[in-house]
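Spelled out from the first residue to the last, the chains are:
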Amino acid sequence: MRNEEIESSDDNDLPSSAPRVGRKYGPVVAHDNDPVVLEMSSFDHGSSSNSLNKVKTTFQPNAGAGAREESIPNDRGVNGEHKESKLELFGFDSLVNILGLKSMTGEPIPVPTSPRGHEDSSIAAQHPTTSSVVKSGTLMGVFIPCLQNILGIIYYIRFSWIVGMAGIGGSLAVVALCGLCTFLTAVSLSAIATNGAMKGGGPYYLIGRALGPEVGVSIGLCFFLGNAVAGSMYVLGAVETFLNAVPKAGLFRGKDRPAVGVTGLSLRSFKDNWSSDYQTTNNAGIPDPNGEIYWHFNALVGIFFPAVTGIMAGSNRSASLKDTQRSIPIGTLAATLTTTALYFISAFLLGSVATREKLFTDRLLTATIAWPSSAIIYIGIILSTLGAALQSLTGAPRLLAAIANDDILPVLNYFKVADGSEPHIATFFTAFLCIACVLIGNLDLISPTITMFYLLCYAGVNLSCFLLDLLDAPSWRPRWKFHHWSLSLLGASLCIVIMFLISWSFTVVSLALASLIYYYVSIKGKAGDWGDGFKSAYFQLALRSLRSLGASNVHPKNWYPIPLIFCRPWGKLPENVPCHPKLADFANCMKKKGRGMSIFVDILDGDYHDCAEDAKIACKNLATYIEYKRCEGVAEIVVAPTMSDGFRGIVQTMGLGNLKPNIVVLRYPEIWRRENLTEIPATFVGIINDCIVANKAVVIVKGLDEWPNEYQRQYGTIDLYWIVRDGGLMLLLSQLLLTKEMFESCKIQVFCIAEEDSDAEELKADVRKFLYDLRMQAEVIVISMKSWDDKDTQDDSVEAFTAAQGRIKNYLSEMKERGEREGKPLMADGKNVVVNEQQVDKFLYTTLKLNSTIMKYSRMAAVVLVSLPPPPVNHPSYFYMEYMDLLVENIPRLLMVRGYRKDVVTLFT
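Caption draft 1: Fine view of empty space enclosed by the protein. Under the criterion given, the structure shown has four cavities of 30 Å³ or more. In this model, the largest cavity occupies a volume close to 50 Å³. Around the largest cavity, the lining residues are Met855, Ser858, Arg859, Ala861, Ala862, Val864, Asn890, Ile891, Pro892 and Arg893. A class-by-class count of the residues in the lining of the largest cavity yields six nonpolar, two polar and two charged.

Caption draft 2: Summary view of the packing of aromatic side chains. Inspection of every chain in the model, using the stated rule, returns 29 aromatic pairs. With a centroid separation of 5.0 Å and an interplanar angle of 85°, the aromatic rings of Trp161 and Trp295 are classed as edge-to-face. Here Trp295 lies in the loop between β2 (293–294) and α12 (297–304) and Trp161 lies in helix α8 (residues 159–193), a separation of 134 residues in the sequence. The exposure classification of Trp161 matches that of Trp295, with both residues buried. Seen from their ring centres, Phe843 and Tyr883 are 5.2 Å apart, and the 15° between their planes marks the pair as stacked. Note that Phe843 is positioned in helix α30 (residues 837–857) and Tyr883 in helix α31 (residues 877–888), a separation of 40 residues in sequence. Among the residues examined, Phe843 registers a relative accessible area of 25% and is labelled partly exposed. Judged by its relative accessible area of 2%, Tyr883 falls in the buried class. Members of the aromatic cluster, connected to one another through ring pairs, are Tyr155, Tyr156, Phe159, Phe304 and Tyr343. For the cation-ring pair, Arg363 lies above Trp161, with the distance from its terminal atom to the ring centre recorded as 5.1 Å.

Caption draft 3: Spotlight on the packing of helix α26 (residues 680–693) against α31. One can describe the packing of α26 onto α31 by two numbers: an axis separation of 8 Å at closest approach and a directional angle of 80°. It follows that α26 is roughly perpendicular to α31 by the angle criterion. Mapping the contact onto sequence places Pro681, Ala682, Phe684, Val685 and Ile688 in α26 and Ser877, Tyr878, Tyr880 and Met881 in α31.

Caption draft 4: Fine view of the side chain of Ser188. The residue Ser188 is located in helix α8 in this model. Assessed through its relative accessible area of 1%, Ser188 is described here as buried. A distance of 2.8 Å separates polar atoms of two side chains, one belonging to Ser188 and the other to Asn462. With residues up to four places along the chain from it excluded, the contact list for Ser188 reads Val461, Asn462, Cys465 and Ser488.

Caption draft 5: Representation of the sheet that holds strand β6 (residues 663–667) within the structure. Strand order in the open sheet made by the 10 strands is β5-β4-β3-β6-β7-β14-β13-β8-β9-β10, with mixed pairing throughout. Of all the strands in the sheet, the pair left with one neighbour each is β5 (633–640) and β10 (779–784). The average angle at which neighbouring strand axes cross in this sheet is 20°, direction not considered. Of the pairings in the sheet, the one linking β6 to strand β7 (residues 697–702) comprises five bridges and is parallel in character. What sits directly across from Leu666, in β7, is Ile700. Those strands touched by helix α27 (residues 729–738) are β6, β7, β8 (717–722), β9 (747–754), β13 (863–867) and β14 (894–898), and its axis lies near 175° from that of β8.

Caption draft 6: Molecular detail of the confidence of the model for the protein chain. Summing up the model confidence of the protein chain, the mean pLDDT is 76 and the portion of residues at 70 or higher is 78%. Across the protein chain, the secondary-structure element scoring lowest on mean pLDDT is helix α5 (residues 117–125), at 38, and the one scoring highest is α8, at 92. Residue range residues 98–131 is modelled with pLDDT below 50. Its contacts to residues more than four positions away, or to other chains, number 22 contacts.

Caption draft 7: Up close: unusual backbone geometry. Of note in the backbone geometry, Asn695 takes a positive phi value of approximately 60° without being a glycine. Its place among the elements puts Asn695 in the loop between α26 and β7.

Caption draft 8: Looking closely at helix α6 (residues 138–150). The sharpest bend along α6 comes to roughly 25°, located at Ile144, with the proline Pro145 sitting one to four residues further on. Among all positions of α6, only Thr138, Gly141, Val142, Phe143, Pro145, Cys146, Leu147 and Ile150 are buried.

Caption draft 9: Local environment of the pattern of salt bridges. Throughout the structure, instances matching the rule amount to 13 salt bridges. Here Asp585 and Lys629 are joined by a salt bridge, their closest N and O atoms 3.5 Å apart. Within this pair, whereas Asp585 is found in helix α23 (residues 581–589), its partner Lys629 is found in the loop between α24 (608–628) and β5, the two being separated by 44 residues in sequence. Each member of the pair Asp585 and Lys629 is classed as buried.

The rules behind each value
- Residues numbered from 1 in each chain as written.
- Predicted model: local features only at pLDDT ≥ 70, side-chain atom pairs only at ≥ 80, totals over all residues.
- Heavy atoms only, no water.
- 1 Å grid on protein atoms, 1.4 Å probe; cavity = no way out; pocket = protein on both sides within 12 Å on 5 of 7 lines; lining within 4 Å.
- Points joined across faces, edges and corners; volume = space filled by probe spheres on them.
- Nonpolar A, V, L, I, M, F, W, Y, C, P; charged D, E, K, R; others polar.
- Phe/Tyr/Trp six-rings, centres within 6.5 Å; stacked < 30°, edge-to-face > 60°.
- Helix = DSSP H or I, 4+ residues; strand = E, 2+ residues; numbered from the N terminus.
- Buried < 20%, exposed > 50% of the residue type's maximum accessible area, 1.4 Å probe, protein only.
- Lys NZ or Arg CZ within 6 Å of the ring centre and 35° of its normal.
- Axes fitted to C-alpha atoms, helices over the stretch in contact; angles between N-to-C directions.
- Parallel < 35°, antiparallel > 145°, perpendicular 65-115°, else oblique.
- Contact = heavy atoms within 4.5 Å.
- Polar contact = N/O pair within 3.5 Å; in protein donor to acceptor, adjacent residues only side chain to side chain.
- Pairing = 2+ DSSP bridges.
- pLDDT = per-residue confidence, 0-100.
- Bend = angle between axes of the 7 residues up to and from the residue.
- Salt bridge = Lys/Arg side-chain N within 4 Å of Asp/Glu carboxyl O.

The structure is reproduced here in structure tokens:
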């Protein structure tokens, strides 16, 4: 059987990712100090057949239940016999096991096994079967915490002053603007929060999973700073309230005196206080013509906005809610609407019960008019603000710990905590920031700073919902249906507008801080695959771009090389080097400034079912390697019975629309003469013929081991032997080489072959004009075919010609003898061939003269490009390899290029 053969194979055999024959190129060495080699040495390169044997279930007549205990739970009846499940024929575990429904009956739930056992076990470990944590409902879990956070110190000690400064009408506008911003944000939050389970981190978790780790960390850290600074605002508010309460509170004097300026509900006060009265004040907010601060509507928005924050309190407690997807939207929106209505009513009441002067001078008017005693308000404010400060000092560290636990930024590793542990280091850090802000001692300066960070976070929530709702991916299925991308876009725009209304300088500083964090995360951070909305946006943008490209030919102005790189088609490489390193360097040389995409392909010989796991491992290794080599490309591994079958499938199906690869790149098989590699000529010729039929360009690299890397600067010339029309591909490749630092010191020479001497000058003028119109600088050299006389032929080329002629005659004699012996016509490579010996000699002589010309003019060239001759029809593949060997003889670095029936350069702008 197949499995038995694999199990009995020698461990030293070739890996499945390499060809099955003993091919190798000596110069390719895996160095021990190569970082990618060290990284890949940790990958499992063993054959997957053993692991497959562990997973596969073999049904044998006498097999006991123990043979299946890894994939199916051991379930025995009274008589000890295995109880057969009706669902076993589907090859999956029962849904009862997967969903954990057996927990309702108290039965133990075995962890389901799969080929990804380590992933499943980690997932199962995260979901305990029982929990003793008491869950909260909508009222206590969301509504009350949001209400407590929204009704903060600003409402009690600044709102009456805002009413006096802006008037009733202006204060209503302030409340409406801020309330609309938080209401739209709450709608967006409700949609995102009901689209799946939430973990710690609150808005950071939502934004990061929607907009990616870079945006999530940058906004999350800004939100952390906002929470930390908010703690200082509450402390300052408590201190300010206490200082006002000590000399006035009824608790410290026998009788209250009637408050001066309090009119009670009065229509006159309402009319007097309706319009605004913006003034210059001192640092205490008291009107002063010589004061340093002039207040206006925008500044009052900055002061008041912290009074509407706190809508995230419910989402931050998602882990302690009974029904997250019901409680968060209802509780958050109810708290937002309730507090906004309270602010509207308070604006009318405060503007109707006191004079303008009283509103200006009495910061604690709410306590002055309180019944039965102002002491209750003083004590309530102090206790509430200190409690809010403690909430900030406990909530902000948990947010920082959640960011650190995602392991995106290594610099935050100090703040990591285990599940269920307290973030002590993050708490000390937050307390330090809070104390530093308390030392500032100015509530009116701290409040706008907090506003900026909160608005930045709210803008991120709205943008997240906007992106997810606009893309409408299949995974976007929020239970909260009352939302639309336009509302989220309006909410995000309103957040940005309010930021600039308050202070453009604070806004620029906040955005700059978030941008710096974003840039730092993108440079130093670790990639996190969270399935964020940007990935979906890229996907849809790619689909739209692909549809816009259509199936028509790409215009030469928009043509990009999309090379299909055969990583190791002829020889074995070290197991930890999945692609010839010089092929990766050459792929980068075919791109201008790194733009473009390469497809790196390897073919595994064998059966797909047997080699599927090998292919996955090889693809992962190859993707890691091309990333290490800084190649913009993708890795693909194809399993096929033979290399020819695999390539034929690749050339037909790889890519989509006009994003299919247009150039096939592979190395020239210098080792094809070895006795154990007799299949190479037929495979090589088949690949070229398949490319011709599929209309793909071909670039064959001879002397790949000597190809320079990015640090080896080349001098001399890049010589092009432009023999046939190829759509300008050879010219374009030479220009792309010049854009690389290794070849930028070289000059281009274009050699053209003229049949008659009289055509030489005319051809030279035409080619010069053509190159000038193409904006290409090159020297044009025309060679006449009459100059191909024997005296210019190199001795070593003549020796190679004579040797090739002799080998072809011997091969032809063997074919004739075999045909006569078997009574069949001449056959090679499994098909009939027709050999015209005069035509064979003509091919040999032509390649000889071309090789001699190259050796004469381009012996010292940095790289030579020559047109690739197509395989002659009905000639044995062995003959074509002899022609090619004669062509490349003694040329150290050669690119054989065959274009396709499309122009890749144009004369027009």
